[in-house]
Amino acid sequence: QVQLVESGGGLVQAGGSLRLSCAASGTRFRINVMGWYRQAPGKQRELVADISNGGSTNYADSVKGRFTISRDNAKNMVFLQMNSLKPEDTAVYYCRYTSTSYGTSDYWGQGTQVTVSS
């Protein structure tokens, strides 16, 4: 079974930066998508950004131009560079792994807290 472990969350002032990392283990499929989602208290979990094994990316409109997702296929890791952080970015950030190479695979990490102060 796939396991995902996030790190890099913390407390930062508005306008600052953080870099999140996600280490994956037990992955079986070369063709896949890894991404970052976030969930604030009382809110639905939402897509922040994702990236395919080939490097294709998607971003939420709210983070375009500020966040950058990247991955290292050899190390089986995905990263999220977050710049110009805003208080609205405060949430628990979750790493996700999905694949449809053989049915549907969908795995989530435990999450890492990001708090942006005004």
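Fair warning: this is a prediction, and the values are worked out from it, not measured in the lab.

### Focus: the overall build of the chain
Then step 1. In terms of regular secondary structure, the chain is built from zero helices and eleven strands.
Then step 2. Listed N to C, the secondary structure of the chain is β-β-β-β-β-β-β-β-β-β-β in terms of helices and strands.
Then step 3. Against the globule reference of 13 Å for 118 residues, the chain gives a C-alpha radius of gyration of 14 Å, in line with a compact fold.
Then step 4. Along the three orthogonal principal directions, the C-alpha set of the chain runs to about 45 × 25 × 25 Å.
Then step 5. In the chain, which comprises 118 residues, the share counted as buried stands at 39%.

### Regarding the pairing of strand E9 (residues 91–99)
Then step 1. With seven of nine residues buried, E9 is to be regarded as a mostly interior element.
Then step 2. Sheet topology note: the E9/strand E11 (residues 112–117) ladder contains three bridges and is antiparallel. When the sheet's bridge partners are listed, Ala-91 is paired in E11 with Val-114.
Then step 3. In this sheet, strand E10 (residues 105–108) lies alongside E9 in antiparallel orientation, the contact comprising four bridges. Bridge pairing in E10 links Arg-96 to Trp-108.
Then step 4. Counting the residues that bridge the hairpin from E9 to E10 gives five residues, and of these Gly-103 lies at a positive phi of roughly 65°.

### Remarks on the pattern of salt bridges
Then step 1. Considering all chains together, one arrives at five salt bridges under this definition.
Then step 2. Of the charged contacts, one joins Arg-66 and Asp-89 as a salt bridge, the two residues approaching to 2.8 Å between their closest N and O atoms. Taken together, the residues Arg-66 in the loop between strand E6 (57–59) and strand E7 (67–72) and Asp-89 in the loop between strand E8 (77–82) and E9 connect sequence positions 23 residues apart.
Then step 3. When its relative accessible area of 12% is taken as the criterion, Arg-66 is described as buried.
Then step 4. Two residues, Arg-96 and Asp-106, come together in a salt bridge whose shortest N-O distance is 2.9 Å. Here Arg-96 is found in strand E9, whereas its partner Asp-106 is found in strand E10, with ten residues between them in sequence.
Then step 5. On the basis of relative accessibility, which here comes to 37%, the residue Asp-106 falls in the partly exposed class.
Then step 6. The network of salt bridges with shared partners includes Arg-38, Glu-46, Arg-66 and Asp-89.

### A closer look at the layout of surface pockets
Then step 1. Space inside the largest pocket adds up to approximately 150 Å³.
Then step 2. Around the largest pocket, the lining is made up of 13 residues, and of these Arg-38, Glu-46, Glu-88, Asp-89 and Thr-90 lie nearest the centre.
Then step 3. Split by residue class, the lining of the largest pocket holds two nonpolar, four polar and seven charged.

### Let's talk about the nonpolar core
It is characteristic of soluble globular proteins that their nonpolar side chains tend to be buried jointly.
Then step 1. With 26 residues, the main nonpolar core has Trp-36, Leu-80, Met-82 and Tyr-93 as its most contacted residues.
Then step 2. At the level of elements, strand E3 (18–25), strand E4 (33–39), strand E5 (46–52), E7, E8, E9 and E11 are the ones that each hand at least two residues to this core.
Then step 3. If near-sequence neighbours (up to four positions away) are discounted, Tyr-93 is found in contact with Glu-6, Leu-20, Trp-36, Tyr-37, Arg-38, Val-48, Phe-67, Leu-80, Met-82, Gly-111, Thr-112 and Val-114.

What counts, and at which threshold
Residues numbered from 1 in each chain as written. Predicted model: local features only at pLDDT ≥ 70, side-chain atom pairs only at ≥ 80, totals over all residues. Heavy atoms only, no water. Helix = DSSP H or I, 4+ residues; strand = E, 2+ residues; numbered from the N terminus. Rg over C-alpha atoms; globule rule 2.2 N^0.38 Å. Buried < 20%, exposed > 50% of the residue type's maximum accessible area, 1.4 Å probe, protein only. Pairing = 2+ DSSP bridges. Salt bridge = Lys/Arg side-chain N within 4 Å of Asp/Glu carboxyl O. 1 Å grid on protein atoms, 1.4 Å probe; cavity = no way out; pocket = protein on both sides within 12 Å on 5 of 7 lines; lining within 4 Å. Points joined across faces, edges and corners; volume = space filled by probe spheres on them. Nonpolar A, V, L, I, M, F, W, Y, C, P; charged D, E, K, R; others polar. Core = buried A, V, L, I, M, F, W, Y, C linked by side-chain atoms within 4.5 Å. Contact = heavy atoms within 4.5 Å.

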